[in-house]
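So the chains spell out like this:
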Amino acid sequence: MSRFKPETRSVGNLKEWTKQHGGIILYTSDALVRVQLFLASVIRITCITKQQFEDFSYAVTAQPETVDFSVTEDENLIYLRTPALTINIRKQNLGFAFLTPAQQVINEDDPLGTCWNGEQVTTYKKLQPGERFVGLGEKTGPLDRKGSGYQHWNTDAYGYHAGSDPLYCSTPFYIGIHNSLCYGIYFDNTHKSFFNFGASNNRFASFSADQGEMDYYFIHGTTVADIIRQYTHLTGRMHLPPKWSLGYQQCRYSYYPDKEVLNVANTFRDKNIPCDVIVLDIHYMNKYKIFTWDKKHFPDPKSMLQQLENLGFHVVVMCDPGIKVEEGYKTYDDGIKQDVYLKYPDGTNYTGQVWPGWCHFPDFTNPATRSWWMNQLKAYTDLGIDGFWNDMNEIATWGHMLPENIELDFEGNKATMRRGRNIYGLMMARSTYEGVVKLLDGKRPFNLTRSGFSGIQRYAAVWTGDNVAYDEHMMLGVRLVNSMGLTGIAFAGYDVGGFVGNADIRLFTRWLTIGSFSPFFRGHSMINSRDTEPWTYGEEAEQICRNYIRFRYRIMPYIYSAFYEAAQTGMPVQRSLAIDYTHDPKIYDHRYHHQYLFGPFMLIAPVESTKDITRVYLPEGNWYSLYDGKQFTGSQEFLIECPIHRLPVFIKEGAIIAMQEPGFNTVSQSDTLDLHIYYTANTSSYCLYWDDGHTFDYKQGNFSLWKIELNGLEKRITIEKRPHQFAEGIRLLKIVMHGFPQINEAHINGQFQSVNQTINRFFEPLEKYDPITDPEPAPEEPVTIIAFENNADTFIISW
């Protein structure tokens, strides 16, 4: 007989329970358990071995709403019923089963239930027949995570590979799918956590944390989109970003001196390649010290910034958290005076080595530090800078062994880095965002971060860190952004061309064409690598890049409206096909799991740079080729030609896509709006959103929303502007009709209107450089155009 007592302890058997407002409390032989109703379909389960619940979260901002519910019991079970679901609570070895009102099992605990193994706490869930798992945010691997395991522990993952885990950003939220049902589980614990989706076992899925409470939210919805909506109700949604941040951003580690920065900016204008942002990496600083300028390379930053503004550029500056330990360095001295730095348990400031040398690091979980950080950021905003890039905030230090005994304030509830590491990046991004919002006096800032946690969407866009220039990484970046969208991060992207290494012509060109259909669109490359501006790979690559960048600017009204939807509902801009085609097994096939919808109507099929023909799966419904309008019937696989100048892109039937003639940035667009409408015999609708693009006035109602409806069977298009509090600057409307039966005449609000039959072409034909392998002329498509003055709040177009 062993003399060692097993470490594992279960939650125990139910002894008694009490009903209270918004839920019930369960008392077991070994634990205290709370069931709290946030919504009728959102249930919070908290299990502890102490006597008091913490009720502290940096991620969850929602408060529980009043929900009607009933509780009954029999010998074995307690039945808690809401209008949306039933929770069966097992009395022996307490556990939970979540069922539909029709008593279909959505999710249920394994007999192991919730257990503690030392300090580590784990909840075990039964694997349902055919169950799939998606989500978890920035995680490598396939779309369907069944059979895999992951950990959340924010890490500086330089040059990570296609199977690396963990990476920079932690979002412990996943969606389970089975038997035409779906649900979500958000595990609100910031300690190092682990998720197992049937990895190395065929019995259970589980989630665990090294310490802290078992505190999770069960979310039931009829669709994946509904689950994302409810999850972002809990953890918050993005504020609308400035429209300029949705344009192309050009970055390099690093552009210096100032003459090089201005040369890059002028070259974009000279070559008629739209661009809104120049990004300054760490070499703009004096010896990498934040809030300083290198006086040799940037002797007059204000003048340089003014010249960039005159050219129509915004500037984003790198912001690292490490503050160099150097007496006489103003920021360091002020930080010492204000006592803002992370500390060891003995009260001395933690010191770690990074770019500037030995550094202290602000404790962003302290409100006083967040106020101090805002005052430091004034050095940038006073110069007119309104873009900020929070980097190295995992925290990244040389040696990659951040001491776990470092203490953080946690709003006055001290904790160590065991609890704080995963939220350090979130709190830095929060400090930057909240600070500059106050400093910019009504202007929207752009805020970017590498590290984060659930809720990061409230404060910043997220990019996927130090990727590598090869095809597998290009495709991995697409999957990462798809997955981040499933976990509430709508504004995400990757470094086009790869940060580490040197992309060849085909890889860079293909990567840029894919990136033009990502929410965050930035080219970036590492020091001592080749130049990677769109014109540096030869004339043909330059033309292709110009075509796709210009097309992104052409569809900017469509993109901006997708961001509005993200701000309202949490729906991502880049949408995994698991959102709209959840129960179609083909979308999880490794050949097709990169595919996604960009906004509601455009299907993007990323493909490696080495391929000139690829296999594409189109889900149910009818689809149109972007390039020539060729029609395809869905629920089928197709072999599609994909020369380097033509990324496979398809338009969903019933699509309504707003476009404007592109200018040199997001501001310089025309006063004509083209509404490209793709025929369906059914009905479809779309909301087109307008505001000024750069202030928060929209929160006071200064915006306009156009509801556009197509009824193909009744031959009618309706445009209704509601509300209409913002002047859009649109003089002329053009309805461009794709795939419609022959139309000879039309009526607008009952008045006769002539129509025009013409040829549509989105991309300029490439000039011929190689008479042997020269690409064919740009495809053309016959369309019908109805053009009219924008002089009413409602238009009814019939034919």
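These numbers were taken from a predicted model, which means no experiment stands behind them.

1. Describing the packing of helix α9 (residues 539-554) against helix α10 (residues 556-569)
Right, on to step 1. Remark: α9 packs on α10, axes separated minimally by 5 Å, with the N-to-C direction vectors making an angle of 60 degrees. For the element pair α9 / α10, the angle class is oblique. Of α10, the residues touching α9 (which contributes R552, Y553 and R554) are M556, P557 and I559.
Right, on to step 2. Residues of the contact of α9 with α10, tallied by class, amount to four nonpolar, no polar and two charged.

2. A short note on the sheet that holds strand β41 (residues 672-678)
Right, on to step 1. In space, the five strands of this open sheet follow the order β40-β41-β45-β49-β48, with mixed pairing throughout. Looking at strand neighbours, the two that pair on one side only are β40 (656-659) and β48 (756-760), the edges of this open sheet. Neighbour-to-neighbour, the strand axes of this sheet turn through a mean angle of 30 degrees, independent of strand direction.
Right, on to step 2. In this structure, strand β45 (residues 732-738) lies alongside strand β49 (residues 781-789), joined through six bridges in antiparallel fashion. Within the sheet, the bridge partner assigned to M737 lies in β49 and is T784.

3. Points about the side chain of T46
Right, on to step 1. Within the fold, T46 resides in strand β5 (residues 42-48).
Right, on to step 2. Contacts of T46, omitting those with residues within four sequence positions, involve L32, V33, R34, F53, E213, M214 and D215.

4. So, helix α5 (residues 367-381)
Right, on to step 1. A rise of 1.5 Å per residue sets the reference length of α5, with its 15 residues, at 21 Å; its end C-alpha atoms lie 21 Å apart and thus fit the reference within 8%.
Right, on to step 2. Along α5, the positions that sit buried rather than exposed are T369, R370, W372, W373, M374, Q376, L377, Y380 and T381.
Right, on to step 3. Two to three positions downstream of the cap, the backbone nitrogen of A368 sits 2.9 Å from a side-chain oxygen, assigning the N-cap of α5 to N366.

5. Quick notes on the packing of aromatic side chains
Right, on to step 1. One pass over the structure, following the stated rule, counts 72 aromatic pairs.
Right, on to step 2. With a centroid separation of 6.4 Å and 35 degrees between ring planes, the pair formed by F696 and Y698 is classed as tilted. Summarising the burial analysis for this pair, F696 and Y698 share the class buried.
Right, on to step 3. The aromatic ring of W463 is capped on one face by R522, whose charged end is 5.1 Å from the ring centroid.
Right, on to step 4. If you follow R646 out to its NZ or CZ, it ends over the ring of Y627, 5.6 Å from the centre.

6. Here's the deal with helix α6 (residues 417-439)
Right, on to step 1. Roughly 50 degrees is the biggest bend found in α6, and it falls at I423.
Right, on to step 2. Summarising burial for α6: 18 of the 23 residues are buried, a large majority.
Right, on to step 3. At the exit of α6 stands D441, carrying a positive phi of roughly 55 degrees.

7. Regarding the pattern of salt bridges
Right, on to step 1. Summed over all chains, the structure comprises 42 salt bridges.
Right, on to step 2. We note a salt bridge from D671 to R731, for which the minimum N-O separation is 3.1 Å. A residue pair is termed long-range when its members are at least 10 positions apart, and D671 in the loop between β40 and β41 and R731 in the loop between β44 (716-724) and β45 qualify at 60 residues.
Right, on to step 3. The network of salt bridges with common partners includes D156, D391, E394, R450 and D466.

8. What about the packing of α5 against α6?
Right, on to step 1. Interaxial distance between α5 and α6 falls to 8 Å at its minimum, and their mutual angle equals 60 degrees. The angle between α5 and α6 places the two elements in the oblique class. You can see that α5 and α6 cross each other, and the crossing is right-handed. From α5, R370, W373, M374, L377, K378 and T381 reach across to α6, where they touch M427, M428, R430, S431, T432, G435, V436, K438 and L439.

9. Digging into the pairing of strand β20 (residues 277-280)
Right, on to step 1. Along β20, one buried face is formed by V277 and V279 and the opposite face, lined by I278 and L280, is buried too.
Right, on to step 2. Of the strand pairs in this sheet, strand β19 (residues 249-252) and β20 are connected by four bridges, and their pairing is parallel. Each residue of the ladder has a partner; that of C251, found in β20, is V279.
Right, on to step 3. After leaving β19, the chain enters helix α2 (residues 258-270) and then returns to the sheet as β20, a path that is right-handed.
Right, on to step 4. As paired strands, β20 and strand β21 (residues 314-319) are joined by four bridges and run parallel to one another.

10. Some remarks on the sheet that holds strand β23 (residues 352-354)
Right, on to step 1. With respect to topology, three strands assemble into an open sheet ordered β22-β24-β23, the strand pairing being antiparallel. Sheet topology places β22 (323-324) and β23 at the edges, where each strand pairs with a single neighbour.

11. Details of the environment of L440
Right, on to step 1. The residue L440 is located in the loop between α6 and β28 (446-449) in this model.
Right, on to step 2. In this structure the C-alpha to C-alpha distance between L440 and D386, which are 54 residues apart in sequence, comes to 7.5 Å.
Right, on to step 3. Look past the residues within four positions of L440 in its chain and what remains in contact with it is T381, I385, D386 and P445.

12. Looking at the side chain of D471
Right, on to step 1. Positionally, D471 belongs in helix α7 (residues 471-486).
Right, on to step 2. Within the buried set, D471 has no salt-bridge partner at all; the shortest N-O distance to an opposite charge, 6.5 Å, is to R510.
Right, on to step 3. Not counting the four nearest positions on each side in its chain, D471 is found in contact with L507, E608, S609 and T610.

13. A few points about the nonpolar core
Right, on to step 1. Counting residues in each nonpolar core, the largest one holds 219 residues, and the members touching the most others are Y380, F517, I555, M602 and I657.
Right, on to step 2. Discounting residues that sit within four places of it in the chain, I657 has contacts with I555, Y558, F601, M602, I651, D674, L675, H676 and Y678.
Right, on to step 3. Ranked by size, the runner-up nonpolar core spans 42 residues in total, among them I87, Y183, F195 and M214.

14. With respect to the pairing of strand β9 (residues 95-99)
Right, on to step 1. Burial analysis of β9 places five of its five residues in the buried class, the great majority of the element.
Right, on to step 2. Burial of the side chains of β9 extends over both faces: G95, A97 and L99 are buried on one face and F96 and F98 on the other.
Right, on to step 3. Where strand β8 (residues 86-90) lies against β9, five bridges are found, and the strand directions are antiparallel. Considered in β9, the bridge of T86 is made with L99.
Right, on to step 4. Remark: four residues form the turn of the hairpin made by β8 and β9, two consecutive strands paired antiparallel; N93 in that turn has positive phi of roughly 50 degrees.
Right, on to step 5. Relative to strand β10 (residues 105-117), β9 is paired through three bridges, and the arrangement is antiparallel. In the sheet register, F98 faces β10, and the bridge partner there is N107.
Right, on to step 6. Hairpin connection from β9 to β10: five residues lie between these consecutive antiparallel strands, with Q103 at a positive phi of about 70 degrees.

15. Section: unusual backbone geometry
Right, on to step 1. D165 connects to P166 through a cis peptide bond whose omega is 0 degrees.
Right, on to step 2. Its place among the elements puts P166 in the loop between β13 (149-152) and β14 (173-178).
Right, on to step 3. For S200, which is not glycine, the phi torsion reads 60 degrees and is therefore positive.
Right, on to step 4. Inspection of the secondary structure assignment puts S200 in the loop between β16 (193-197) and β17 (204-209).

What counts and what doesn't
- Numbering of residues begins from 1 in every chain and follows the order in which that chain's sequence is written.
- Note on the predicted model: pLDDT of at least 70 is required for a residue's local features to be given, and 80 or more for side-chain atom pairs to be given and counted; whole-chain, interface and lining totals, by contrast, use all residues.
- Only hydrogens and water are set aside when side-chain values are computed; all heavy atoms of the structure are taken into account.
- Convention adopted: a line fitted to C-alpha atoms gives each axis, helices being fitted over their contacting stretch, and angles between N-to-C directions are expressed from 0 to 180 degrees.
- Here a strand is any run of E in DSSP of at least two residues, a helix any run of H or I of at least four, and the numbering for each starts at the N terminus.
- To sort the angles, those under 35 degrees are grouped as roughly parallel, those over 145 as roughly antiparallel, those from 65 to 115 as roughly perpendicular, and the leftovers as oblique.
- Should any heavy atoms of two residues lie within 4.5 Å, those residues are considered in contact.
- Residue polarity follows a fixed list, in which Ala, Val, Leu, Ile, Met, Phe, Trp, Tyr, Cys and Pro are nonpolar, Asp, Glu, Lys and Arg are charged, and the others, Gly among them, are polar.
- Should DSSP find at least two bridges between two strands, the strands are taken to pair.
- The length a helix should cover is 1.5 Å for every residue beyond the first.
- Summary of the burial criterion: residues with accessible area below 20% of their type's maximum are buried, those above 50% are exposed, and those between are partly exposed, where the area comes from a 1.4 Å probe applied to protein chains only.
- By the criterion applied in these results, polar contacts are pairs of N or O atoms within 3.5 Å in which, for protein atoms, one can donate a hydrogen and the other can accept it, and in which residues neighboring in sequence qualify only through two side-chain atoms.
- Two rings from Phe, Tyr or Trp (for Trp, the six-membered ring) form a pair when their centres are within 6.5 Å of each other. A pair whose planes differ by under 30 degrees is stacked, one over 60 is edge-to-face, and the rest are tilted.
- By the criterion adopted, a ring carries a charge over it if an Arg CZ or a Lys NZ lies within 6 Å of its centre and within 35 degrees of its normal.
- In this analysis the local bend is the angle between axes fitted, respectively, to the seven residues ending at and the seven residues starting at the residue.
- When a carboxyl oxygen of Asp or Glu lies within 4 Å of a side-chain nitrogen of Lys or Arg, that pair is called a salt bridge.
- Crossing chirality is assigned from the near helix's rotation relative to the far helix, an anticlockwise turn below a right angle marking it left-handed and a clockwise turn marking it right-handed.
- Handedness of a crossover is defined as follows: orient the strands so they point away from the viewer, and if the path from the first strand over the helix to the second runs clockwise, the crossover is right-handed.
- Counting rule applied: Lys, Arg positive; Asp, Glu negative; His and chain ends not counted.
- Joining through side-chain atoms within 4.5 Å is the link that ties buried Ala, Val, Leu, Ile, Met, Phe, Trp, Tyr and Cys residues into a set, and such a set is a nonpolar core.

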